Structures are given as C-alpha cells and as structure tokens.
Number of protein chains: 4
Amino acid sequence: MTVDTSKEVKEQGWRARLHEIIFEADTFAGKLFDISLMCAIVLSIITVMLDSVDDIAAKHGTTLNVLEWVFTAFFTLEYIARIVVLRRPAKYIFSFFGIIDLLSVVPTYIGLFVPATQYSVALRTLRLLRVFRVLKLARYLGEARILAQALKASRAKITVFLVAVLSIAIIMGTLMYIIEAEKNGDEFTSIPRSIYWAIVTMTTVGFGDIKPITELGQFVASILMIMGYGVIAVPTGIVGAELSRTKVSTNTRACESCGGEGHDDDAEHCKYCGETL
Amino acid sequence: MTVDTSKEVKEQGWRARLHEIIFEADTFAGKLFDISLMCAIVLSIITVMLDSVDDIAAKHGTTLNVLEWVFTAFFTLEYIARIVVLRRPAKYIFSFFGIIDLLSVVPTYIGLFVPATQYSVALRTLRLLRVFRVLKLARYLGEARILAQALKASRAKITVFLVAVLSIAIIMGTLMYIIEAEKNGDEFTSIPRSIYWAIVTMTTVGFGDIKPITELGQFVASILMIMGYGVIAVPTGIVGAELSRTKVSTNTRACESCGGEGHDDDAEHCKYCGETL
Amino acid sequence: MTVDTSKEVKEQGWRARLHEIIFEADTFAGKLFDISLMCAIVLSIITVMLDSVDDIAAKHGTTLNVLEWVFTAFFTLEYIARIVVLRRPAKYIFSFFGIIDLLSVVPTYIGLFVPATQYSVALRTLRLLRVFRVLKLARYLGEARILAQALKASRAKITVFLVAVLSIAIIMGTLMYIIEAEKNGDEFTSIPRSIYWAIVTMTTVGFGDIKPITELGQFVASILMIMGYGVIAVPTGIVGAELSRTKVSTNTRACESCGGEGHDDDAEHCKYCGETL
Amino acid sequence: MTVDTSKEVKEQGWRARLHEIIFEADTFAGKLFDISLMCAIVLSIITVMLDSVDDIAAKHGTTLNVLEWVFTAFFTLEYIARIVVLRRPAKYIFSFFGIIDLLSVVPTYIGLFVPATQYSVALRTLRLLRVFRVLKLARYLGEARILAQALKASRAKITVFLVAVLSIAIIMGTLMYIIEAEKNGDEFTSIPRSIYWAIVTMTTVGFGDIKPITELGQFVASILMIMGYGVIAVPTGIVGAELSRTKVSTNTRACESCGGEGHDDDAEHCKYCGETL
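Residues numbered from 1 in each chain as written. Chains lettered and ligands numbered in written order. Predicted model: local features only at pLDDT ≥ 70, side-chain atom pairs only at ≥ 80, totals over all residues. Heavy atoms only, no water.

Draft legend 1. Up close: the overall build of chain A. Scanning chain A from N- to C-terminus turns up twelve helices and zero strands. Taken from N to C terminus, the helices and strands of chain A fall in the order α-α-α-α-α-α-α-α-α-α-α-α. Pairs at least 24 apart in sequence give 52% of the contacts found in chain A among residues at least 6 apart. Carbon and sulfur atoms make up 65% of the accessible area of chain A, which totals about 13,800 Å². (Helix = DSSP H or I, 4+ residues; strand = E, 2+ residues; numbered from the N terminus. Contact = heavy atoms within 4.5 Å. Areas by Shrake-Rupley, 256 points an atom, 1.4 Å probe, with all protein chains shown as cover.)

Printed below as a string of structure tokens:
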C-alpha cells in the first residue's frame, strides 16, 4: 500500500527518509523506530499506573514526573513527524490513530496551565486518561483485522445476543427484587441493583456482595445461573462459525481464467466463471 | 407475509394507512412509528426501574407517575390500533405479542381501582411486572429467528445436558452435605441448599456465601469445579455445531445439471460440474 | 433390540405382557409405566431432599416417611418385575442399571434393622445415598448416547487436558504458597489449600474465601486467571470438533453394494468399495 | 526414532538392556519402569504437599523425610542412568526434560549443606520447587503434541487476544479507579489494583474482595462483565478452528488417479473417482 507512495516521496530527501522510518518496517531504522515506540508506550503506561500508587508516588514522584515528560516529548515528536511526512495530513489527524496520538500528549500539556494547588478531580481524571495510550499498540496488531472482521460480520447476531442477555437480566433482576426485597432488603435495594446482580450472576462472575437468601430466590437464581452457563454457548458458536468461515478463504487457489478466489477445498471448477481449476 | 394483506386492505382508506404505519417499515411514517415504539419501550422500562430506587421515588415520584401514564396511554393506543387494523384480531389477541402488549398496560389500570392506602405487596408486584414490556422489543429482532431455530433444533440435546447438569448437582450437593454438614453446619444446612451450592459452583458463578471448609469437601469441590469447567464445552459444542449447520443450509440452490448443493452465496457456477447455476 | 426377544416371550402370557409394559414404550400400558416411573423417581428425590430440611422434617416427618415407603415399595416391585421378566436376569443384575436399581431400595430396608435410637452418621449417610436414584433417569435419555460417544472418543485428549490443568494448578498453587504464605498465612495455610485456591481461580469459580493480598500474588493470580480464561477454549474445541464429527455421520446414505455408511455429503463413490453411490 | 539407536547399542550388553528399559515401552521391564516412574512422580509430589501442612509435618515429619530421600535417590539413579545410556548425553542434559530431571533432585541435596537451624525462606522456597517434578509427567502425554501444535499454530491470534484483553483491563481498570476511588477508596486503592479487579471481573472469576459500590461503577462493571462473557468466544473460536483444521489434515493420502485429498482414515477408495487408494 505505502510502497508506491514511498517511492514517489523518496526524491524529497529527508522527508522520504523519515517516511521510511515511520511507516516501513523493512529497514533497520524502521524496525528500531517501531520497537522504541512500543517500548515507550508500555513504559509510559507503567509510569501512569505507578503514579497512582500512594507509596510509590510519595517516594519516586519526581522521577515519574521526569519520565512522563520524556515520554510526552517522544510522543509529541512522533505526532509532529507523522503530520510533516504525510502528503495529506488532514486524513491522518482525523483518523482513529490520529486522535489517539493527540490524546496521548494533550493531558500532560494541560497540566502545565493548571496550578498544582488546584489539583482538581477533573485534572486528575484527564491525567489518568493517558492510559489510553495503550490503544496506540493497535497499530502493530496485524492479525487483529481477522478478528475484527469476524466480529463485524456477526454484528447483527451479537446485537441480538446482547439484547437477549439484557432482557433476561432485566426480567430476572425484577423477579428477584420482588422475591428478595422483603427479607433481604439490604442487598436487593432496588431494581437497577437487582439487575446488576442478575448480570453479575448470569455472566458467572459472582462477586458475592449481593446474593439471594430465600429459598425461592435461590431457586430462581439457580435457573438464571444455568441459563447463563448455557447461553455462553451462543456467542461462542457465532464467533466460532464466523472464524471458521473466514478461515475457509485461506485456500489461495485463484482461477486462471477470471482470477476469482475463495474456492472450497473440494471445488473442481471456478465458482465464478465455471473454468476447470 | 403482510404484503398481500396490505394490498387488499389499501382500498379501505385510513385503516389501510394505519396498517402500513404499524406493520410496514418501508415508509417514513412506518419507520417513525417503529422508532417511537422502541424508544417508548426502553424509556418506560427505565421509568419502572427508577421508581424502585427510594431516593429517586421520593424526589421525582410525581414526574415518574406522569411519565408512566404517558407510556401507558401510548401502549394502549398501539394495542387498540393493532386490533382495529387487523381483519382477524382474535389471532393477534391470543398470540405471544398480543398477550405481552396487553400485559404492558393492564397493571397501570388496575392500580387505579385499588386505593393507594392499601398499597399491598400483590399490587406492587403487579406494577413491577410492567418490566415485561422489554419483550415487546422481540418484534424487532429478525436475526433472533436463526438463534431460536438453532436452539429448537438442538432441543433434545439441551434437555439431556440440563438433566445431566441437574443430576450432577443433586449427587454432588448431597455428597457435600454428607461431608460438610457436621463441621460446616451453618452453610450446608440442608440438601436443597447444598444442591444450590453445587449449581453455583458448577456454573463457575461462585458467590462465596457457601463454601467447603473440610479437606475432603474442598477435594470434592475441586472435582465439581473441573467438571463444570469442562462440561461447558458440551452446550458450546452443541449450539456451535447447530449454528454452523443452519449456516450451511441457508443456501439451498442446487445445480440444475448435476444436482450438486452447498454452493457459496456468491457462486455463479456449480463447483462440481461447472454448469451455470 | 428387544423386539425379537419380546416376540418369543409373547407366548408365555403374563410374563410377555409384563415384558411389554416394562421394556416397550409403544403401548399405552408401556407409556404409563414409563411416566409413572419417571414421576416416582423425581418425587422420591424431592422427598429425600425435603427430609434434610430441619423445619420440614419436624413438621411433616411422618408424611415423608410414609411417602418414602411407598416409593421404596414401588421401586422394589419394579426391580423384582425386571428380574422375573428377563430370561437372563444375571446380566441385568450386574449391569449399571441393575446395581442402581438395587441401591435405590436397599438403604430404606437397612434402616429397618437399625434401631432409631442408634441413628448413626453411617446410617444417615446411607439413607441420603437414595439420592442416587436420579441415575435411574439415565434410562430415558436416548440422546445422551451421542454425547457419551463424543466424550469417549475424545477421552485421550480430555486426559491430557485434565493432567495439564492439574499440573498448572499444582505449580501455580505452590508458587502462590511461596509468595503469599508469609503475609497471608490465614488463607494460604498449606500447599494443598493453595492448590485448591488455584483450581477455584483457574476454573473461574472464584469463591473469594481465599484470595491473594500481596502485589506479586495478585500479579501471578492475574496470569492464572487469564490462563484459565483461555484454556477453557481447549475442551470446548475438543468436544466441539468431536461433536461435529459424529454429526457428519448423520448422512444416512448407505452403499447399495457393500452397505457401508458414514459417507461425506459430497462423496460420489462409496469410500469402502468404490461403487457409485 | 530410538529404534535404530537401540539396535546398534544392543551389542554393548547391559547398556543396551538399560536403554531398552528406559526408552522403550514394549518390553515388560520397560513398562514396569515407566509405571514405577509415574507412581514415584505422583507420590513424591504428594509428599511435598503434605510436608507443607503443619499438622501432618509435626506428626509424620520423619516418615515424609525418609520418603523424600527414597524418591530423590530414585530420581537421581534415573538421571544418571539416562546420561550413562545415551551416546550423546550433552544433548539430553541441556534439553527441557534434562533440566527438569536435574531440578527434581538438586533441591534435596542442597538442603544437606545448609544447617537446619538456618532454615531460611530461600531454602524453603527451593525445597518447594520440587513440585516442578510434575513436569516430568509431560513425557507420557503423547496426545499433548496435537494440542501444543494447535496452540502454536494460533500463536499470533492468541497474542492479539491477550493484548486485547490486557488493553481492555487497563482501560476499564483506570476508568473504575477514576469512578470508584473517592467513595470506595479502601478497595480501589490504585490503578494496578483496579486493573487486577478488571482482570478478576473480565475473566468471570469474581472473588468479591474488590467490587464497585457506586451506581456508575456498577454500570461500567456490567459492561465489562458482558464484554468478558462474550470475549471468551474468541479464544474458543480460534482454538476450535485450529483443532478442527489439524484434525482434517491428519490424513494426507491423495488419490493416485485423481489426486483428490481429504479422505477419511477408513476410506479404501477415493470418494471423488472411486479408484482404490
């Protein structure tokens, strides 16, 4: 894809070279850039995490702060480099990765303009959102596309599944509220909370902070659990069927006549033009 | 299905128009009606839910009450419109959706005839059942039919699976009662409760309100857990096999020349003999 | 199977008639017998269960006792009838169902010879084992054979899976004991208990009675959880593959020449003798 | 593999005989050796486990100690025998099983040189690592290779899956920290701990030691649970597809006449042209 582009750009000297480093992974410099970026992403997320642990923040606060600025500088340079190098930067700026790249650096800069004494909740929240840098990694997950495709193809069925799960949770949660509210009013305090319990139970998470204590409640809960236990077969079946379907296209035979691909393993004739394969 | 019916009815003027709005989704008015109905269903369920939260009920009780009447009026009109428009309303009234539509409005009206001072448990329960309105949404889940079909086709196997799960739960629950009752009598108080624990454990929910404390009990529990962990493969396999089977059979085109079946949706020629399909 | 047997037996009068009732489900009497037996099994298990609930045992103890004797009498008659009717009763007596049928009635009779004052733990345990009557239901699960076959066919892989799960549990449990024992000695008291925790965690049950509190412990636990979360794919894949393979044999085409079955859907020639199908 | 080697070695007398015993499973002595080794592994692990239970260690400490030395002696002899018998022992010594075999005996010997009074944590840890002996069992799991192969083939997809799960856990954990930290500061103390909670929840383990208490927190948790509940379909689909693929490719016979492949293991004739295979 980027091959042709890079060839044309090559004459422009440093811009071409930078393009190669950032967008190609074949050269040594390109590989080095990719690996440095990945490391920087992982390390910067660890920095954000450690900063939230009181003990570590108290002892190594300054070190973490310095590191944070190093990573922000690196990501800022990367962001600028990407814009400079591309011929149509607007397309990148408003793309998914463009927005993620921008969001990775903005919070740190905003922190400069707000005095430390006014360390408000909003600012702290903003700073923590730097954790979204993890999404920058998505760039390196080539295989993710097959999964994303399988999920996209079964979108309609997944919606049905989610609506069904939520409907069961709403109905069973309300039922449990009716059954348990009187004797177990501390745990099943309202319908939304009972629905939360139904989701916790149906997905087999089972925290145990809310649980039925009446006989009838435990009976209904048992039904919900077995339901949830069985219903998980549905998304598994959907995605599995979809994945094995996308897998079928790994048969790379192309028709010599029409070039059509995606033939079954046992096909003897092209399914598009009828030519013998 | 409803196409022929609607054509004949068209001459009757407003009834035909109403029919089109309610049963067809192609016209602008029809789409608007569908979307309004969906929104009304979702919002009315949220109203019922919020009404059960003490804080919100105390502050916004009147608003919620007014909203409730608005939704009830809307659903009543919808119910009447459906009956008026259809040529054989009896079929609708006694159908699944007819009953759901009726149950969506009846509880609110019953509330009128019972004085608020006698706000009994039965009435409150009845009011909460309005949450079943969520089932009205089923009308819009076209894809649900494939899932329902797959479940129906594997009905016999699912029954076997359920009986097996229940049998294991009964046997393991009783075993655990025998093992734990003496030392852990507060948690394993009776066989039904021990069976409830076995279901909670086997479905991997694990609330933690009941748990084995003796060594033997923990050993038997481990066996049950690994069983439950492995047994989930069974419904997954069943539904998965069924789903991939229904998927294949969705294309029923047979080659006119050789009678070969199982062609892909995009096939133009028979993959066995090369004849144009 | 039993058709030929019953034909020969028919001349013997009442024995033949009894055989038909017990072993055939085609006649009215046969169906009635099957349904009565199923009901008796379910009801007698409920009786055993209720008997273990202190409140109910205190109030309705006599009723439950009478019911228990009614069911025992019924199952005893059934057991005798089966022996009398069959030409080779020894085969039945030592078969799986023969032993289950005997175990269903023996505990109640033993209770007669032990004075109530000596109501020992052993006797109570014996009485509770009547719950195994649930296994009598297996007779009516025809579809169970496909599942049992799929499980049997993947026996070797399931063993590997179980050994793998246990090995991971042993290694991770010991690791957690090393990590947690010092700071969390109340919960991770010994290696067996830590292994129990590892199984509870890996199977995603998660009771929460034992849980890591150190940072390293929580890190290792996270790895174990993600492992368990992913590893469940293995039995699912195994059984799924096996089920879809046994399903393939639903193609009931038999070769007219050699009678071979189990041909693929797209087979044009018998895979055993080469004859055109 | 080892057949040719053993033939050449046979002339050397006792070494050949020993080789046969250790590496072949066809002779009686070879089978006896395999079974003894398996029993010794299982029993020695049980010894290590029991040694960690305070009650048992106090009562039977000496017995366990003696048993431990018996197993260590046996494994040492086995290790020496393997080295002596092989013509290229270096290859074995640095192989996976060579290292495991060495690690199985070393800790016990080190214990000799450290005085019992200095029973440090490091030594105790070392002693507990004897539990890794369980890995010696891997030698006997022939079927494991198919599973390992399926896992290896889907390595890339599994990496994507793990990165995705971790990314969701990091983002949702941070979100929950932002939401819950103020009101539920005892449980959601830091981001790493919140991420731990997210993993516990997403994998449906749900210990219940950390759980959301705010409405918004419970809402976000519900989304995470349903996500985790659905996402499990992905590894299941991946491994399932891989397993059914490796299954198909296990028969590589091609028809000599038409070249058709994909024949069943029991096929004697090509299913496409009917030629004898």
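Okay, back to it.
Draft legend 2. Focus on the side chain of Thr174(A). Looking at the secondary structure, you find Thr174(A) in helix H9 (residues 155-180). Those residues in contact with Thr174(A), other than ones at most four positions away along the chain, are Ile191(A), Leu128(B) and Val131(B).

Draft legend 3. Spatial organisation of helix H10 (residues 191-202) of chain A. Residues and elements named next belong to chain A. Its twelve residues give H10 an end-to-end C-alpha distance of 16 Å, which sits within 8% of 16 Å, the value for a rise of 1.5 Å per residue. With ten of its twelve residues buried, H10 lies for the most part within the structure. When we look at burial in H10, the residues that qualify are Ile191, Ser194, Ile195, Tyr196, Trp197, Ala198, Ile199, Val200, Thr201 and Met202. Positive backbone phi, approximately 60°, marks Thr204, located one or two places after H10. (Expected span 1.5 Å × (residues − 1). Buried < 20%, exposed > 50% of the residue type's maximum accessible area, 1.4 Å probe, protein only.)

Draft legend 4. Representation of the pattern of salt bridges in the model. Taken as a whole, this structure holds 28 salt bridges over all chains when the rule is applied. The salt bridge partner of Glu78(A) is Arg82(A), with a shortest N-O separation of 2.9 Å. In this pair, Glu78(A) and Arg82(A) are both assigned in helix H4 (residues 54-85), four residues apart and thus about one turn of the helix distant. What makes Glu78(A) buried here is its relative accessible area of 3%. One salt bridge in this structure joins Glu68(D) and Arg133(D), with 3.0 Å as the shortest N-O distance. Placement of Glu68(D) in helix H4 (residues 54-85) and of Arg133(D) in the loop between helix H8 (121-128) and helix H9 (144-153) is noted, with a sequence separation of 65 residues between them. The buried category is assigned to Arg133(D), whose relative accessible area is 0%. Each member of the salt-bridge network shares a partner with another, and the members are Glu78(A), Arg82(A), Asp101(A) and Lys136(A). (Salt bridge = Lys/Arg side-chain N within 4 Å of Asp/Glu carboxyl O.)

Draft legend 5. Representation of the nonpolar core. Among the nonpolar cores identified, the biggest contains 217 residues, and Trp197(A), Trp197(B), Trp197(C) and Trp197(D) are the most heavily contacted of them. Apart from the residues within four sequence positions on either side, Trp197(A) is in contact with Met176(A), Phe188(A), Ile210(A), Lys211(A), Pro212(A), Ala221(A), Leu224(A) and Phe207(B). (Core = buried A, V, L, I, M, F, W, Y, C linked by side-chain atoms within 4.5 Å.)

Draft legend 6. View of the packing of aromatic side chains. On inspection of all chains with the given rule, the structure shows 28 aromatic pairs over all chains. Seen from their ring centres, Trp69(A) and Tyr109(A) are 5.8 Å apart, and the 65° between their planes marks the pair as edge-to-face. One end of the pair, Trp69(A), is in helix H4; the other, Tyr109(A), is in helix H6 (residues 96-113), with 40 residues separating them in the sequence. Assessed through its relative accessible area of 30%, Trp69(A) is described here as partly exposed. With a relative accessible area of 29%, Tyr109(A) lands in the partly exposed category. Through a chain of ring-to-ring contacts, three or more aromatic side chains come together here, namely Phe188(A), Trp197(A) and Phe207(B). (Phe/Tyr/Trp six-rings, centres within 6.5 Å; stacked < 30°, edge-to-face > 60°.)

Draft legend 7. Expanded view of the relation of the copies chain D and chain B. Superposition of chain D onto chain B requires a rotation of 180° combined with a translation of 0.0 Å along the rotation axis, giving an RMSD of 0.1 Å. One copy is carried onto the other by what is essentially a two-fold rotation axis. Most of the interface of chain D is mirrored in chain B: 100% of its interface residues are interface residues there too. (Least-squares fit on C-alpha atoms with pLDDT ≥ 70 in both.)

Draft legend 8. Broad picture of the side chain of Ser104(A). Residues and elements named next belong to chain A. Residue position: Ser104 is located in helix H6. Residue Ser104 is classed as buried on the basis of its relative accessible area, which comes to 2%. One polar contact links the side chain of Ser104 to the main-chain carbonyl oxygen of Ile100, over a distance of 2.7 Å. Non-local contacts of Ser104, meaning those with residues more than four positions away in its chain, are made with Arg130, Arg133 and Lys136. (Polar contact = N/O pair within 3.5 Å; in protein donor to acceptor, adjacent residues only side chain to side chain.)

Draft legend 9. The arrangement of the packing of helix H11 (residues 215-231) of chain C against helix H11 (residues 191-202) of chain D in detail. Packing of H11(C) against H11(D) leaves a shortest axis separation of 9 Å and a crossing angle of 25°. One finds that H11(C) runs roughly parallel with respect to H11(D). The hand of the H11(C)/H11(D) crossing is left-handed. Each of Gln218(C), Ala221(C), Ser222(C), Met225(C), Ile226(C) and Tyr229(C) in H11(C) lies in contact with H11(D), whose residues at this interface are Arg193(D), Tyr196(D), Ile199(D), Val200(D) and Met202(D). Among the residues making up the contact of H11(C) with H11(D), the classes are represented as eight nonpolar, two polar and one charged. (Axes fitted to C-alpha atoms, helices over the stretch in contact; angles between N-to-C directions. Parallel < 35°, antiparallel > 145°, perpendicular 65-115°, else oblique. Left-handed = near helix turned anticlockwise from the far one by under 90°. Nonpolar A, V, L, I, M, F, W, Y, C, P; charged D, E, K, R; others polar.)

Draft legend 10. Seen up close, the interface of chain D and chain B. Contacts between the two partners involve four residues from chain D, matched on the other side by four residues from chain B. Between chain D and chain B, a total of about 160 Å² is buried, with carbon and sulfur atoms accounting for 27% of that surface. At the boundary of chain D and chain B, one finds zero salt bridges. On the surface where chain D and chain B come into contact, there are zero residue pairs in polar contact (both at pLDDT 80 or more). (Buried area = accessible area lost by both parts, 1.4 Å probe.)

Draft legend 11. Representation of the packing of helix H2 (residues 14-23) of chain D against H4(D) within the structure. Residues and elements named next belong to chain D. H4 packs onto H2 with a crossing angle of 125° between their chain directions and a minimal axis gap of 10 Å. If you check the angle between H2 and H4, you find them oblique. The interaxial crossing formed by H2 with H4 has left-handed handedness. Here Trp14, Arg15, Leu18, His19, Ile22 and Phe23 of H2 lie close against H4, whose contacting residues are Ala81, Arg82, Val84 and Val85. For the contact of H2 with H4, a count of residues per class yields seven nonpolar, one polar and two charged.

Draft legend 12. Spatial organisation of the environment of Glu182(A). Residue and element names in this part refer to chain A. Residue position: Glu182 is located in the loop between H9 and H10. Of the residues examined, Glu182 reaches a relative accessible area of 68% and is grouped as exposed. Measuring from C-alpha to C-alpha, the distance between Glu182 and Thr214 comes to 9.9 Å, with 32 residues separating the pair along the chain.

Draft legend 13. Representation of a nonpolar patch on the surface in the model. There is a patch of nonpolar side chains on the surface, built from Val42(A), Leu43(A), Ile46(A) and Leu50(A) and spanning about 290 Å² of accessible area. Its location among the elements puts Val42(A) in helix H3 (residues 28-51). (Patch = residues over 30% accessible without salt bridge, like charges linked within 9 Å, V, L, I, M, F, W, Y side chains within 5 Å.)

Draft legend 14. Quick peek at unusual backbone geometry. All names here are of chain B. With a phi angle near 60°, Thr204 is a residue other than glycine that sits in the positive phi range. Along the polypeptide, Thr204 turns up in the loop between helix H10 (191-202) and helix H11 (215-231). Residue Thr204 is classed as buried on the basis of its relative accessible area of 7%.

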